[in-house]
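Per-entry structural report
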Amino acid sequence: MDHNGPVRAVVWVHGRVQGVGFRWWTRARALELGLVGHARNAGDGRVEVVAQGDEERIRELVALIEERPSQHLRPGDVQQCVTTWGAPRDGLVGFVEK
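If you're wondering where the values come from, they're calculated on a predicted model, not measured in any experiment.

Focus: the overall build of the protein
Helix and strand counts for the protein stand at 2 helices and 5 strands. When its helices and strands are written in sequence order, the protein yields β-α-β-β-α-β-β. In summary, the protein has a C-alpha radius of gyration of 12 Å against a globular reference of 13 Å for 98 residues, a match within 12%. With the principal axes as the frame, the protein shows a C-alpha extent of 35 × 25 × 20 Å. The buried share of the protein, taken over its 98 residues, is 38%. The long-range share in the protein, meaning contacts at least 24 apart out of those at least 6 apart in sequence, stands at 76%. With an accessible surface of roughly 5500 Å², the protein has 48% of that area assigned to carbon and sulfur atoms.

Below you can see the structure in the form of structure tokens.
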């Protein structure tokens, strides 16, 4: 994306990422980076991470999620991330686990 102001990313995280503390870990990293959004389990074993804020900070979050091997004690085993970018939505406050 190439514009000023906040952006939104939807990241589908594939791998062993449910039931291992991954959403909690993602929430902690997102809050440290000043992002808003959520992390939720999908029915097919993936985790959906929605993050809004500064594009560079979101890219930092995605890099932490994708880091192999994790130097930041990320739980689980991330095999792949698929990220789509878009315009931010109003009304998001904080970063929550769903």
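What to know about the pattern of salt bridges
Within this structure, the stated rule accounts for 5 salt bridges. Between Arg 29 and Glu 32 there is a salt bridge, with its nearest N and O atoms 2.9 Å apart. Of the two residues, Arg 29 and Glu 32 both sit in helix α1 (residues 22-32), 3 residues apart, roughly one turn of that helix. Here Arg 29 falls in the buried class, since its relative accessible area comes to 14%.

Here's the deal with the sheet that holds strand β4 (residues 77-86)
Spatial ordering of the open sheet is given by β4-β1-β3-β2-β5, a layout of 5 strands whose pairing is mixed. The open sheet has two edge strands, β4 and β5 (95-97), and neither has a second partner. Along the sheet, successive strands turn relative to each other by an average axial angle of 15°, direction set aside. Bridge analysis of strand β1 (residues 7-16) against strand β3 (residues 47-53) gives 7 bridges, and the strand direction is antiparallel. Paired with Val 7 across the bridge in β3 is Gly 53. Together, β1, β2 (36-41), β3, β4 and β5 form the strand contacts of α1, whose direction differs from that of β5 by roughly 175°.

Notes on helix α2 (residues 55-66)
Over its 12 residues, α2 runs 16 Å from end to end, which matches the ideal 16 Å to within 8%, given 1.5 Å per residue. Within the sequence span of α2, burial applies to Glu 55, Ile 58, Leu 61, Val 62, Leu 64 and Ile 65. For α2, the elements touching its buried residues are β1, α1, β3 and β4. Looking at where α2 begins, the residue whose side-chain oxygen comes 3.1 Å from the main-chain nitrogen of Glu 56 is Asp 54.

Scoring rules and cut-offs
Residues numbered from 1 in each chain as written. Predicted model: local features only at pLDDT ≥ 70, side-chain atom pairs only at ≥ 80, totals over all residues. Heavy atoms only, no water. Helix = DSSP H or I, 4+ residues; strand = E, 2+ residues; numbered from the N terminus. Rg over C-alpha atoms; globule rule 2.2 N^0.38 Å. Buried < 20%, exposed > 50% of the residue type's maximum accessible area, 1.4 Å probe, protein only. Contact = heavy atoms within 4.5 Å. Areas by Shrake-Rupley, 256 points an atom, 1.4 Å probe, with all protein chains shown as cover. Salt bridge = Lys/Arg side-chain N within 4 Å of Asp/Glu carboxyl O. Pairing = 2+ DSSP bridges. Axes fitted to C-alpha atoms, helices over the stretch in contact; angles between N-to-C directions. Expected span 1.5 Å × (residues − 1). Polar contact = N/O pair within 3.5 Å; in protein donor to acceptor, adjacent residues only side chain to side chain.

Function cannot be read off these values alone, since they describe shape.
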